[in-house]
Amino acid sequence: MRGLLILSVLLGAVFGKEDFVGHQVLRISAADEAQVQKVTELEYLEHLQLDFWRGPAQPGTPIDVRVPFSSVQAVKVFLEAHGIEYTIMIEDVQSLLDEEQEQIFAFQTRASSTDTFSYATYHTLDEIYGFMDMLVAEHPQLVSKLQIGSTYEGRPIYVLKFSTGGNNRPAIWIDTGIHSREWVTQASGIWFAKKITQDYGQDPALTSILDNMDIFLEIVTNPDGFAFTHTKNRLWRKTRSITPGSSCIGVDPNRNWDAGFGKAGASNNPCSETYHGKFANSETEVKSIVDFVKSHGNIKAFISIHSYSQLLLYPYGYTTEPASDHNELDQLAKSAVTALASLYGTKFKYGSIIKAIYRASGGTIDWTYNQGIKYSYTFELRDTGRYGFLLPASQIIPTAQETWLALKTIMEYTMNHPY
Amino acid sequence: MQPRRQLLLAPGPGGPRPTAPMFALLLLLALQGAAAAPAGFAGSAGSEDSGWRQDPELQSGLLQQAARAALHFFNFRAGSPSALRVVSAVQQGRAWVNSKNERKVDLVFTTERYNPEEGEERLGKCSARVFFRNEKPRPAINITCTRFVEKSKRQQEDYLLYKHMKQLKTPLDVVSIPDSHGHIDPSLRPIWELAFLGGSYVMWEKTTQFSHYYLAQLSSLKQWKTNDNAIDFDYTVLLHEFPTQEIIPCRIHLVWYPGKPLKVKYHCHGLQTPEEASGIEEGSAVAPTELSNF
């Protein structure tokens, strides 16, 4: 039946723009030979322009006919006058076609540009990688895509570089999705990428930042884990590496860095969500970033984004000893969360990792800070537990918007305080 | 269970709410009373005896911890899926610690509706005393909260929820609530709220001074018929545990009738078994074993 509908549409298209507004499809039950005959007579009345999908045959077999709007009355009167039973199978053919089209689009649509890409919904890994390519294609002067490594399962690890020139300029690093179940972070990363391309040349602050610094953005920092959250387990956190000697899979990529590695604040049980791995940087997803940061040598701010809890954190997580730049980091954090709250009133707390959340060893920003990247921060985005990891898609854009204000605060400050 | 402290209850249904200054006065009196009175409010002034000394480094984390635990307990005891609350902000708190490293926390905090209606921004207020028994779970809780939904309205909403669930076609074909995108179909919302209510009991019982929980997802559900028309749910929720970050599946069996105390049995799994968990497979042989107040 669907096939017939599509066929009509195709035919309509072939024969010029035909639309089917008000057309009805009737199912006629001819009770006997005489009635079948009567319906056959209708067939010969060309001016009615009837389109029999199932022509008159035996009594008892249904007769299906598409009736153009202009003939509907006449046909019904005819059938009723002769006591021939019928039902209306389709009230309005055009509405049905329209609905179908929508559904086809809903299922299939690959956005053809970053302007038609849907930012208010969660995407698959393929869709995100497709988005990156589109963004680069649309802004080749500003954006490029680097592959910094491959995942355990062999997926490419990509970083977007936003640069207006120069040679190894001081840079800002932002990563999202290191814990794969924290979906609002990858979704925000996509939004940030687009935002940068929109605001360069429009927003004075962002323009100034990019005229002086580069921005590196790794949207899917844990691609294997992310793919797994789509296919098998929405709440998967770790990488997907196999641990020899255990049947449990995965290492917590935020316990695998070489800062207090293996100390209290991580687990040595491979089945645990905070398993630190056999040794620091055992995970390629982590090692790739380490190698990149070391070889770049000029990263001045490093921001790693997680969810949830609504926190802005600075080092350390593996020790209670305050970072030597503690006061400055605290002040900057305060400004950043104030900027964030200015948009929708979303309240963030801030502080060192160990004080504001819990002891955690082998964490990303503890390592980057110890490397000399002074402005090292971790965000925990919305919410505070009501939805947790399963944050409704309707909150993606507001979350990204408010977080962006905090990011800009940090980036601007970094630019204005070279070291 | 300690008797509820009457002073802080709002006037009965239909009565006027205390105005803010009035409430502040009541609160002040209550807290002062709590400090001075030797009996009644959970041995409060016995801060001097049983070796309680003021906690020297009161961490804000402890107050948050206490607020969450207290509210889980409150939600469970209220037994009202349409009146669930979440912590909004801790306003004030004090803590004492004893030689056994147990902690006693007095606090005042604001609450919001778990399921806020359009544009609704009202905050409720609770005062609570929470006893954490070092690393042991199931903190003892004494809590009173202002009423911020009229009792009759709450009863009405509970009853609507109840009727809605009675009409659901069993067996329910429920996979995950919320789905991966955080979406809950409006027709399934009551199920989620009732599941959350049962989950509150579990989360209260599992909370320690150091661990706390959120309800991540409802992963399976079976609804049974009962002779007395109560709602009988047999379901599995996934709890998100801090600070371990573990996802803990808990099988819960609850029986609920509007206005009656909630009955809950549950069984939670330990650390992930080495088998690949691609979803939580529950054998039918697994029976809830921990009896609570059945």
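Quantities reported herein were computed from a predicted structural model and do not represent experimental measurements.

It is worth spelling out the overall build of chain A at this point. A tally of helices and strands in chain A yields 13 helices and twelve strands. The C-alpha radius of gyration computed for chain A amounts to 30 Å, which surpasses the reference 22 Å derived for 419 residues by more than 25%, pointing to a less compact arrangement than a globule. Seen through its principal axes, chain A has C-alpha atoms that stretch 100 × 55 × 35 Å. A burial count over chain A gives 57% of its 419 residues as buried.

What follows covers the overall build of chain B. Helix and strand content of chain B: four helices and nine strands. What you see in chain B, going N to C, is helices and strands ordered as α-β-α-β-β-β-β-α-α-β-β-β-β. Here chain B holds 294 residues, and the buried ones make up 49% of them. Taking as baseline every contact in chain B between residues at least 6 positions apart, the subset at least 24 positions apart corresponds to 62%.

For the rest of this paragraph, the subject is the state of the cysteines. All names here are of chain B. Throughout the structure, instances matching the rule amount to three disulfides over all chains. Disulfide pairing is shown between C126 and C145; the S-S distance is 2.0 Å. When the S-S torsion is 105 degrees, as for the bridge of C126 with C145, the disulfide is right-handed. Linking C126 in strand 4 (residues 124–133) with C145 in strand 5 (residues 136–145), this pair joins segments that are 19 residues apart in sequence. Assigned by exposure class, C126 and C145 land together as buried. C250 shares a disulfide with C268; S-S distance 2.1 Å. On the sign convention where negative is left-handed, the bridge of C250 and C268, at about 105 degrees about the S-S bond, is right-handed. Taken as a pair, C250 in strand 8 (residues 247–256) and C268 in strand 9 (residues 263–268) lie far apart in primary sequence, 18 residues in all. The residues C250 and C268 share a single accessibility class, namely buried.

Strand order in the open sheet formed by five strands is 1-2-3-4-5 (chain B), with antiparallel pairing between adjacent strands. Of all strands in the sheet, those with a lone pairing partner are strand 1 (53–54) and strand 5 of chain B, marking the two edges.

Moving on, we get to the domain arrangement of chain A. In terms of domain boundaries, chain A breaks down into domain 1 (22–91) and domain 2 (114–240 + 251–416). Of note, the centres of domain 1 of chain A and domain 2 of chain A, computed from C-alpha atoms alone, are 65 Å apart.

The next subject is the interface of chain B and chain A. How big an interface is tends to be stated in terms of accessible area lost as the parts join. Across the contact, 30 residues belong to chain B and 32 residues belong to chain A. Across the chain B to chain A interface the summed buried area is about 2,500 Å²; carbon plus sulfur atoms make up 52%. Taken together, the connections running from chain B to chain A amount to one salt bridge. One salt bridge in this structure joins A:R386 and B:E112, with 3.6 Å as the shortest N-O distance. On the surface where chain B and chain A come into contact, there are ten residue pairs in polar contact (both at pLDDT 80 or more). Breaking the side of chain B that touches chain A down by element, the ones donating at least two residues are strand 3 (103–113), strand 6 (212–224) and strand 7 (231–242) of chain B. When grouped by side-chain class, the residues that make up the side of chain B that touches chain A number 13 nonpolar, eleven polar and six charged.

Looking now at the packing of aromatic side chains. If you walk through the whole model with that rule in mind, you get 33 aromatic pairs over all chains. Between A:Y375 and A:Y413 the ring centres are 5.5 Å apart and the planes differ by 90 degrees, which places this aromatic pair in the edge-to-face class. Highlighted residues: A:Y375 in strand 12 (residues 375–381) and A:Y413 in helix 13 (residues 396–416), separated in sequence by 38 residues. A:Y375 gets classed as buried once you look at its relative accessible area, which sits at 0%. Residue A:Y413 is classed as partly exposed on the basis of its relative accessible area of 23%. Aromatic side chains B:Y201 and B:W204 sit 5.8 Å apart centroid to centroid with 65 degrees between the ring planes, which places their arrangement in the edge-to-face category.

Let's shift gears to the UniProt feature "domain: Peptidase M14" (unreviewed entry) in chain A. In this structure's numbering, the residues bearing the UniProt feature "domain: Peptidase M14" (unreviewed entry) are residues 121–414 of chain A. Within the segment residues 121–414 of chain A, helix and strand shares are 38% and 17% respectively, and the terminal C-alpha atoms sit 32 Å apart.

Residue and element names in this part refer to chain A. Following both chains from N to C, one finds helix 10 (residues 326–344) and helix 13 inclined at 145 degrees, their axes separated by 8 Å at the closest point. Between helix 10 and helix 13 lies a crossing of right-handed hand. Side by side, helix 10 and helix 13 meet where E328, L332, S335, A336, A339, L340, S342, L343 and Y344 of the first sit next to P398, Q401, E402, T403, L405, A406, T409, I410 and Y413 of the second. Considered class by class, the residues forming the contact of helix 10 with helix 13 number eleven nonpolar, five polar and two charged.

So, about helix 4 (residues 189–206) of chain B. The end-to-end C-alpha distance of helix 4 of chain B, which contains 18 residues, comes to 25 Å, matching closely the 26 Å that a straight helix rising 1.5 Å per residue would cover. Across the 18 residues of helix 4 of chain B, 17 count as buried, placing the element largely inside the fold.

Ranked by size, the top nonpolar core spans 87 residues in total, and within it A:F162, A:W173, A:I215, A:I219, A:Y377 and A:F379 carry the most contacts. Beyond its immediate stretch of four places on either side in the chain, A:F162 contacts A:L135, A:L142, A:V143, A:A193, A:I196, A:T197, A:L210, A:D214, A:I215 and A:L217. Residues B:F132, B:L168, B:W204 and B:Y266 belong to the second largest nonpolar core, which totals 59 residues.

Here we take up the environment of A:T243. For A:T243, the position within the fold is in the loop between helix 8 (223–231) and helix 9 (284–296). For A:T243, the residues in contact, after removing those within four places along its chain, are A:C248, A:P270, A:Y275 and A:K278.

Here the focus is the side chain of B:S82. As for its placement among the helices and strands, B:S82 is situated in the loop between helix 2 (60–78) and strand 2 (85–97). Ignoring anything within four residues of it in the chain, the contact list for B:S82 reads B:R113, B:R154, B:E157, B:D158, B:L161 and B:E193.

As a further point, take helix 2 (residues 33–43) of chain A. Turning to helix 2 of chain A, its buried residues are A:Q35, A:V36, A:V39, A:T40 and A:L42. Buried positions in helix 2 of chain A, seen along its axis, are confined to an arc of 150 degrees and lie on one side of it.

Residues and elements named next belong to chain A. Taken as a whole and judged by the stated rule, the model has 24 salt bridges over all chains. For K145, the salt bridge is made with D133, and the minimal N-O distance between the two is 2.8 Å. Within this pair, whereas K145 is found in strand 5 (residues 143–150), its partner D133 is found in helix 5 (residues 125–138), the two being separated by twelve residues in sequence. The closest approach of N and O atoms between R155 and D224, which form a salt bridge, is 2.7 Å. One end of the pair, R155, is in the loop between strand 5 and strand 6 (156–162); the other, D224, is in helix 8, and 69 residues separate them in sequence. Judged by its relative accessible area of 25%, R155 is partly exposed. Judged by relative accessible area, which is 1%, D224 ranks as buried. Shared partners join several salt bridges into a network, and the residues in it are R27, R54 and D64.

Cut-off values and rules
Residues numbered from 1 in each chain as written. Chains lettered and ligands numbered in written order. Predicted model: local features only at pLDDT ≥ 70, side-chain atom pairs only at ≥ 80, totals over all residues. Heavy atoms only, no water. Helix = DSSP H or I, 4+ residues; strand = E, 2+ residues; numbered from the N terminus. Rg over C-alpha atoms; globule rule 2.2 N^0.38 Å. Buried < 20%, exposed > 50% of the residue type's maximum accessible area, 1.4 Å probe, protein only. Contact = heavy atoms within 4.5 Å. Disulfide = S-S within 2.5 Å. Pairing = 2+ DSSP bridges. Domains from an automatic or database assignment. Buried area = accessible area lost by both parts, 1.4 Å probe. Salt bridge = Lys/Arg side-chain N within 4 Å of Asp/Glu carboxyl O. Polar contact = N/O pair within 3.5 Å; in protein donor to acceptor, adjacent residues only side chain to side chain. Nonpolar A, V, L, I, M, F, W, Y, C, P; charged D, E, K, R; others polar. Phe/Tyr/Trp six-rings, centres within 6.5 Å; stacked < 30°, edge-to-face > 60°. UniProt positions renumbered as here; feature names shortened; annotations may be inferred. Axes fitted to C-alpha atoms, helices over the stretch in contact; angles between N-to-C directions. Left-handed = near helix turned anticlockwise from the far one by under 90°. Expected span 1.5 Å × (residues − 1). Core = buried A, V, L, I, M, F, W, Y, C linked by side-chain atoms within 4.5 Å. Arc of directions from axis to C-beta.

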